[in-house]
Amino acid sequence: MDAVEAVNWNKIGHLGILQPDDVNRLKELSQDRENIASRFQTAPQRNADCLLTLISRVEEDRLAVLQLIQAVLSVPKNAVVFHDSNRDPYEPFVGILLRPDFRAASRSAQIIAALLTKAPTGRAPERLIEQVILWAHKNLTGLESPSTGSATGNNEQIEAALSALQVLLREDSFRIFYTSRDGITKLHNVLRNSNKNNFEIMYRTIYCFWVLAYNADIADTLFPQSLIFTLADILKNVTKEKVVRITLALFRNLLDHGKIINT
């Protein structure tokens, strides 16, 4: 878990970006992460509008503000409030996603994904779903290794990409869309190519498969036998409890759809 980064509220107050009452309320919100849901709901629309204004205007405190917004959106119902704003809730995060600052981009990808999952019915912009997936797949692959020429991807890139996908795939309507972008193959490649001792990457990847398998059409037809064998091999050779548990949960989903009876 990332360490909590502090927003410099005194500096923000002096900049005049927000009203003093708004600065004080957000400061209290940021300092009480355990009760962030109830804190946010004291003035939900005003808080959402102020956070969108803030992330559009700050530079030095950008990472800390992004982390605060992530914490707010960790309570899914809070994402709905951002869609009631008079401004485009995605716009400031899309701009950050396109910048070369990886840490800010990775947080923005997760925020966009969280907002998409709570978009009003039928109004999630397909271009943004596509953009999050493209960003994630780029980071699942990583850069070309100068020594081998093979796709490697460092652990931070891969974990950030998987984190964004874990959020995006909560929404069932995005799951078929994701598989149409060669998502299952991309995730399978992560399992086959990543360090076998990196249990966090293993867990997050299998978590994505587990969520995908809640869609009956995907579970019935889109899980290749080679992936089933990879997962079975993980069960035989990995003892990390959370990896074993999520793999068994995935198999249960597949069994419910008759996928691996004859495998």
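Residues numbered from 1 in each chain as written. Predicted model: local features only at pLDDT ≥ 70, side-chain atom pairs only at ≥ 80, totals over all residues. Heavy atoms only, no water.

Some points on the overall build of the chain
Part 1 of the reasoning: Counting its regular elements, the chain contains 16 helices and zero strands.
Part 2 of the reasoning: Relative to its length of 263 residues, the chain is compact, with a C-alpha radius of gyration of 20 Å against a globular reference of 18 Å.
Part 3 of the reasoning: Expressed as lengths along the three principal axes of its C-alpha atoms, the size of the chain is roughly 65 × 45 × 35 Å.
Part 4 of the reasoning: Counting all 263 residues of the chain, 49% fall into the buried class.
Part 5 of the reasoning: Sequence separation of 24 or more characterises 69% of the internal contacts of the chain that already satisfy a separation of 6 or more.
Part 6 of the reasoning: Summed over all atoms, the accessible surface of the chain reaches about 13,200 Å², with 48% contributed by carbon and sulfur.
Part 7 of the reasoning: Across the chain, the 30 positively charged side chains and the 29 negatively charged ones have centroids separated by 1 Å. (Helix = DSSP H or I, 4+ residues; strand = E, 2+ residues; numbered from the N terminus. Rg over C-alpha atoms; globule rule 2.2 N^0.38 Å. Buried < 20%, exposed > 50% of the residue type's maximum accessible area, 1.4 Å probe, protein only. Contact = heavy atoms within 4.5 Å. Areas by Shrake-Rupley, 256 points an atom, 1.4 Å probe, with all protein chains shown as cover. Lys, Arg positive; Asp, Glu negative; His and termini not counted. Charge placed at Lys NZ, Arg CZ, Asp CG, Glu CD.)

So, unusual backbone geometry
Part 1 of the reasoning: One non-glycine residue, Asp182, adopts positive backbone phi at about 65 degrees.
Part 2 of the reasoning: When you line up the elements, Asp182 lands in the loop between helix H11 (172–179) and helix H12 (183–193).

Details of helix H15 (residues 225–237)
Part 1 of the reasoning: The first and last C-alpha atoms of H15 sit 19 Å apart over 13 residues, in line with the 18 Å expected at 1.5 Å per residue.
Part 2 of the reasoning: Taken as a whole, H15 has its buried residues at Leu227, Ile228, Thr230, Leu231 and Ile234. Along H15, the residues classed as buried sweep out an arc of 160 degrees about the axis, all on the same side. Set apart from the buried face of H15 by more than 90 degrees, the exposed residues are Lys236 and Asn237.
Part 3 of the reasoning: Here the buried face of H15 lies against H12, helix H13 (199–212) and helix H16 (241–256). (Expected span 1.5 Å × (residues − 1). Arc of directions from axis to C-beta.)

Quick look at the pattern of salt bridges
Part 1 of the reasoning: Scanning the model with the defined rule gives 15 salt bridges in all.
Part 2 of the reasoning: Here Glu5 and Arg103 are joined by a salt bridge, their closest N and O atoms 2.9 Å apart. Of the two residues, Glu5 is situated in the segment before helix H1 (9–15) and Arg103 in helix H8 (residues 102–117); the sequence distance between them amounts to 98 residues.
Part 3 of the reasoning: Judged by its relative accessible area of 39%, Arg103 falls in the partly exposed class.
Part 4 of the reasoning: A salt bridge links Glu130 to Arg181, with the shortest nitrogen-to-oxygen separation between them at 2.8 Å. On the criterion of sequence distance, the pair formed by Glu130 in helix H9 (residues 126–141) and Arg181 in the loop between H11 and H12 is long-range, its members being 51 residues apart.
Part 5 of the reasoning: What you see here is one network of salt bridges that share partners, running through Glu5, Arg103 and Arg107. (Salt bridge = Lys/Arg side-chain N within 4 Å of Asp/Glu carboxyl O.)

A word on the packing of aromatic side chains
Part 1 of the reasoning: Enumeration according to the criterion identifies six aromatic pairs in this entry.
Part 2 of the reasoning: Linked through ring pairs, Tyr203, Tyr207, Trp210 and Tyr214 together constitute an aromatic cluster.
Part 3 of the reasoning: Between Arg181 and the ring centre of Phe177, over which it is positioned, the NZ or CZ distance is 4.2 Å.
Part 4 of the reasoning: One cation-aromatic arrangement involves Lys242 over Tyr203; the distance from NZ or CZ to the ring centre is 4.8 Å. (Phe/Tyr/Trp six-rings, centres within 6.5 Å; stacked < 30°, edge-to-face > 60°. Lys NZ or Arg CZ within 6 Å of the ring centre and 35° of its normal.)

Quick word on the confidence of the model for the chain
Part 1 of the reasoning: Of all residues in the chain, 92% attain a pLDDT of 70 or more, and the chain-wide mean is 90.
Part 2 of the reasoning: Mean pLDDT values for the elements of the chain range from 88 in helix H3 (residues 36–40) up to 97 in H13.
Part 3 of the reasoning: Note that residues 144–152 has pLDDT below 50 and, in this model, twelve contacts with residues that lie over four places away or in other chains. (pLDDT = per-residue confidence, 0-100.)

Details of the side chain of Gln157
Part 1 of the reasoning: Turning to its location among the elements, Gln157 is positioned in helix H10 (residues 155–168).
Part 2 of the reasoning: A distance of 3.2 Å separates polar atoms of two side chains, one belonging to Gln157 and the other to Asn139. (Polar contact = N/O pair within 3.5 Å; in protein donor to acceptor, adjacent residues only side chain to side chain.)

Digging into the packing of H12 against H13
Part 1 of the reasoning: H13 packs onto H12 with a crossing angle of 150 degrees between their chain directions and a minimal axis gap of 9 Å. The angle between H12 and H13 places the two elements in the roughly antiparallel class. The element H12 and its partner H13 pack so that their crossing is left-handed. Counted together, Ile184, Leu187, His188, Val190 and Leu191 of H12 and Ile201, Met202, Thr205, Ile206, Cys208, Phe209 and Leu212 of H13 form the full contact between these two elements.
Part 2 of the reasoning: Of the residues that constitute the contact of H12 with H13, the class distribution is ten nonpolar, two polar and no charged. (Axes fitted to C-alpha atoms, helices over the stretch in contact; angles between N-to-C directions. Parallel < 35°, antiparallel > 145°, perpendicular 65-115°, else oblique. Left-handed = near helix turned anticlockwise from the far one by under 90°. Nonpolar A, V, L, I, M, F, W, Y, C, P; charged D, E, K, R; others polar.)

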